[in-house]
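Tertiary structure, described
What follows is each chain in one-letter form.
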Amino acid sequence: MDLLRFLPLMLEGAWVTAQITALALLLALVMGFTAALMRLSRYRLLRGVATVYVEVFRGTSALVQLFWMFYVLPHFGVNIDPFMVGWVALGLNIGAYGAEVIRGAIQAVPKGQYEATIAVNMTRWQAMYRVIIPQAIPNMIPPWGNLSIELLKATSLVSLITIADLTFRARQLNDRTFETVEIFTLVLLMYLAMALVITAGMRLLEHYTSRGLGRGGI
Amino acid sequence: MLKTIENSAAVTQAADQNQSTPPMVRFDKVTKRFGDLVVLNALDLDVAPNERVAIIGPSGSGKSTLLRLLMTLETPNEGVIYVEGEPLNMMPRNGKLVPADERHIRRVRQRIGMVFQHFHLFPHMSALGNVIEAPIHVLGLSRQEAVTRGEELLEMVGLVDKRDQRPSQLSGGQQQRVAIARSLAMRPDIMLFDEVTSALDPELVGEVLSTIRRIGEEHNITMLIVTHEMGFAKEFADRVCFFDEGKICEQGPAKELLTNPQNPRTQRFLQAVLG
């Protein structure tokens with residue numbers, strides 16, 4: 001078995017995959033929260049902008065979005081380095097799904113909680129971040145776990161825009177050695193391992209954020 | 001203790017200055033509709049400073065809506081609500097009244113607090129956290145001030161030993177007492193109680209009612225109380241308003257109205273409730 005001799009290059013690729021996943025996830029969270037709050041705004045313009053964002057990025061494929069930013073943007077004089085194209089495109093894509101998850105979780109907080117914030121004269125903004133969002137977070141964690149794993153798997157697309165991620169390295173090694181079975185089995189296991197890390201992280205987060213809310217597992 | 005002496009003196013003084021003192025709360029021809037359903041029908045109601053008004057009536061008569069309008073949880077379709085002479089749902093601009101913006105509403109509603117049937121405590125905060133949250137972030141008290149006051153209030157409602165418990169660890173009666181403390185912590189001049197004992201097990205009703213009695217003894221607060229507890233209304237309220245079909249059908253001094261109602265509808269309602 002010469003799995004070991006593949007490992008250094010594969011780990012290098014896995015590190016790139018992990019970085020892109022982490023950066024894209026961060027961007028997705030920012031975009032998701034922003035778009036969700038905009039969609040819940042009183043102002044039609046904000047709601048409209050957020051709706052366009054969500055529909056465009058949910059309604060087109062992540063691969064096309066990547067290619068578009070990679071091949072089309074340079075025609076408009078916008079040159080972004082491929083690594084950044086990778087995490088920005090995926091972050092925007094997952095953020096559009098995340099926005100709906102966040103909006104749903106916020107709207108699922110009982111109406112009485114909003115009324116209580118009015119009765120103690122909070123501003124709408126204070127109500128949102130002091131009372132409503134803290135209660136919505138435990139509900140959004142499981143779907144965000146799903147999205148994070150979707151994102152991890154979608155990062156393999158960046159191998160098509162010259163980024164040397166895990167999938168890119170696997171194809172490179174395969175082209176060179178033709179040890180297809182070993183290489184792709186190893187890749188599979190490495191993605192699985194990363195996904196399990198995400199799952200474990202989300203579970204911890206869920207446990208931590210729902211403490212004392214009087215719900216959660218029996 | 002929580003209201004200053006000067007304040008209560010000022011109120012007495014103001015009351016002495018004859019009727020030119022505006023009522024603490026005034027509903028001026030207020031109508032509220034939900035779709036085609038008229039919930040409040042051109043309602044007029046004045047509540048004097050420190051008056052305790054019990055509001056009774058069948059369900060759907062508009063009594064909760066009255067409180068919800070005053071708390072600005074709903075907006076009237078027509079009419080103006082005043083808080084001590086100042087319009088709440090409207091604001092003056094160029095000599096006319098226009099629909100109030102959020103800033104105006106927040107300034108006037110600062111004086112009003114509300115306790116709900118289902119408590120609506122913040123589940124992610126401790127009992128004390130519930131009581132100090134708004135004083136710190138809305139009134140701008142220092143944390144230390146807010147905690148000192150919050151503990152005083154929890155002491156008053158008999159729950160200072162539960163200060164670190166989450167709402168889910170408290171009984172319904174205890175949750176409602178925390179909710180009362182949370183409301184008082186905002187130093188309201190007007191407190192609204194919306195069927196605050198209706199969701200409680202019968203044996204827990206007493207502790208909440210005696211908490212309200214205690215507030216009545218220790219604070220100068222105007223109270224509007226929607227309730228089904230006729231015994232409590234009779235002994236605690238100054239006035240009782242019987243609501244039916246979006247209007248005040250009959251009103252009068254509590255003991256008089258509850259023992260000797262004049263209107264046949266009031267008589268029927270009380271007969272049904274008191275058995």
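Residues numbered from 1 in each chain as written. Chains lettered and ligands numbered in written order. Predicted model: local features only at pLDDT ≥ 70, side-chain atom pairs only at ≥ 80, totals over all residues. Heavy atoms only, no water.

**Topic: the environment of Leu-121 of chain B**
Position of Leu-121 of chain B relative to the elements: it lies in the loop between strand E8 (112-115) and helix H4 (127-139). Overall, the relative accessible area of 6% leaves Leu-121 of chain B in the buried class. When the C-alpha atoms of Leu-121 of chain B and Gly-246 of chain B are compared, they prove to be 29 Å apart, with 125 residues separating the residues in sequence. In this structure, Leu-121 of chain B is in contact with Gln-113 of chain A together with Asn-130, Pro-167, Gln-175, Val-178, Ala-179 and Arg-182 of chain B, ignoring residues within four places of it in sequence. (Helix = DSSP H or I, 4+ residues; strand = E, 2+ residues; numbered from the N terminus. Buried < 20%, exposed > 50% of the residue type's maximum accessible area, 1.4 Å probe, protein only. Contact = heavy atoms within 4.5 Å.)

**Details of the side chain of Gln-65 of chain A**
Looking at the secondary structure, you find Gln-65 of chain A in helix H3 (residues 62-72). Contact partners of Gln-65 of chain A, with chain neighbours within four places excluded, come to Val-56, Phe-57, Thr-60, Ala-89 and Asn-93 of chain A.

**Quick word on the UniProt feature "domain: ABC transmembrane type-1" (unreviewed entry) in chain A**
What UniProt calls "domain: ABC transmembrane type-1" (unreviewed entry) maps, in this numbering, to residues 14-199 of chain A. Secondary structure across residues 14-199 of chain A comprises 81% helix and 0% strand; the distance between its end C-alpha atoms is 17 Å. (UniProt positions renumbered as here; feature names shortened; annotations may be inferred.)

**Description of the interface of chain B and chain A**
The interface is formed by 26 residues belonging to chain B together with 23 residues belonging to chain A. Here chain B and chain A share an interface that buries about 2,100 Å² over both sides, 56% of which is from carbon and sulfur atoms. Counting every contact that joins chain B to chain A gives three salt bridges. Glu-115 of chain A is paired through a salt bridge with Arg-68 of chain B; the nearest N and O atoms lie 2.6 Å apart. At the junction of chain B with chain A, the criterion picks out 10 residue pairs in polar contact (both at pLDDT 80 or more). (Buried area = accessible area lost by both parts, 1.4 Å probe. Salt bridge = Lys/Arg side-chain N within 4 Å of Asp/Glu carboxyl O. Polar contact = N/O pair within 3.5 Å; in protein donor to acceptor, adjacent residues only side chain to side chain.)

**Describing the nonpolar core**
Residue and element names in this part refer to chain B. Core analysis: the largest hydrophobic core is formed by 81 residues, its most contacted members being Phe-27, Leu-66, Leu-70, Leu-192 and Leu-224. The contacts of Leu-70, once residues within four sequence positions are left out, are Val-25, Phe-27, Ile-81, Val-83, Leu-88, Ile-112, Leu-192 and Leu-224. Among the nonpolar cores identified, the runner-up in size contains 38 residues, and Ile-132, Met-156, Val-157 and Ile-180 belong to it. (Core = buried A, V, L, I, M, F, W, Y, C linked by side-chain atoms within 4.5 Å.)

**Quick look at the pattern of salt bridges**
For the structure shown, the criterion picks out 26 salt bridges over all chains. Two residues, Arg-130 of chain A and Glu-133 of chain B, come together in a salt bridge whose shortest N-O distance is 3.7 Å. Taken as a pair, Arg-130 of chain A in helix H6 (residues 124-154) and Glu-133 of chain B in helix H4 lie in two separate chains rather than in one. Since its relative accessible area comes to 22%, Arg-130 of chain A is described here as partly exposed. Taking the relative accessible area as the measure of exposure, Glu-133 of chain B reaches 12% and is therefore buried. Taking the shortest distance from any N to any O, the salt bridge between Arg-177 of chain B and Glu-207 of chain B comes out at 2.3 Å. Of this pair, Arg-177 of chain B sits in helix H6 (residues 172-184) while Glu-207 of chain B is found in helix H7 (residues 202-218), placing the two residues 30 residues apart along the sequence.

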